[in-house]
Amino acid sequence: MSEALIVIDMQNGLEDVYQRKQLINNINKRIDQYRSKRKPLVFLQHIDENMPVFSREWSLFDDLHNQATDRYFNKHRPDSFYQTGLESFLKLNKISSIELCGAQTEYCVDTTIRAAFYLGFQISVLKDGFSTFDNEILTAKQINQYHLYIWQGTFAKIVEI
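Note that the structure is predicted; figures quoted are calculated from it, not measured. (Residues numbered from 1 in each chain as written. Predicted model: local features only at pLDDT ≥ 70, side-chain atom pairs only at ≥ 80, totals over all residues. Heavy atoms only, no water.)

J.: Describe the pairing of strand β1 (residues 2-8), with residues and values.
T.: Among the 7 residues of β1, 6 are classified as buried, and the element is accordingly described as predominantly covered. Strand direction decides the pairing type here: β1 and strand β4 (residues 95-103), joined by 7 bridges, are parallel. Bridge pairing links Ile8 to Gly102 in β4. Where β1 and strand β2 (residues 41-46) come together, 4 bridges link them in parallel fashion. Residue Val7 lies in a different strand from β2, and its bridge partner there is Phe43. (Buried < 20%, exposed > 50% of the residue type's maximum accessible area, 1.4 Å probe, protein only. Helix = DSSP H or I, 4+ residues; strand = E, 2+ residues; numbered from the N terminus. Pairing = 2+ DSSP bridges.)

J.: How would you summarise the sheet that holds strand β3 (residues 71-75) if you had to cite specific residues and measurements?
T.: The sheet built from 6 strands is open, its strands ordered β3-β2-β1-β4-β5-β6 with parallel pairing. In the strand order of this sheet, the two ends are held by β3 and β6 (157-159), each with one partner. Neighbouring strand axes in the sheet, compared pairwise and without regard to direction, differ in orientation by 25° on average. The strands touched by helix α1 (residues 20-36) are β1, β2, β4, β5 (122-131) and β6; relative to β5, the strand with the most contacts, the crossing angle is about 145°. (Axes fitted to C-alpha atoms, helices over the stretch in contact; angles between N-to-C directions. Contact = heavy atoms within 4.5 Å.)

J.: How would you explain the packing of helix α3 (residues 105-118) against helix α4 (residues 140-151) if you had to name every residue and give the values?
T.: The interhelical angle for the contact between α3 and α4, taken along N-to-C directions, is 10°, at an axis separation of 11 Å. Classified by the angle between their axes, α3 and α4 sit roughly parallel to one another. Listed contacts from α4 to Thr105, Glu106, Val109, Asp110, Ile113 and Arg114 of α3 are Ile143, Asn144, His147, Ile150 and Trp151. When grouped by side-chain class, the residues that make up the contact of α3 with α4 number 5 nonpolar, 3 polar and 3 charged. (Parallel < 35°, antiparallel > 145°, perpendicular 65-115°, else oblique. Nonpolar A, V, L, I, M, F, W, Y, C, P; charged D, E, K, R; others polar.)

Dropping the structure here:
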């Protein structure tokens, strides 16, 4: 069974994400591990009025370990599979197991996990490999902990570096 790492929305438009430095460090470690094993690396970039394509906000973080040879998809919705070609790419490459990381926990990461689950993929989530922002009700830390609790055992296996 082939496996791919999918990195969601690690873009300059989300530069104030909770614990950004630790998040990037954790994701980069995982990217490096996948790259050393020659496993596919996929990067999703969100496009909207605040992150127009080719803008600074749309661009991936400079300190992310992505390379030109990695696979990239743009998306307009929280679901990384919706009208992006991601599902076709994974199926054509016989990838049935995916590991997800990135931002924002309660939007694009959660939605993609649930969509992948219903599409039949085996899903892993990198612990401390996803983040978000405080909102009016919960802190980013609480949002992350809540979603980790929901995903674990139901939608995904939680993995550590």
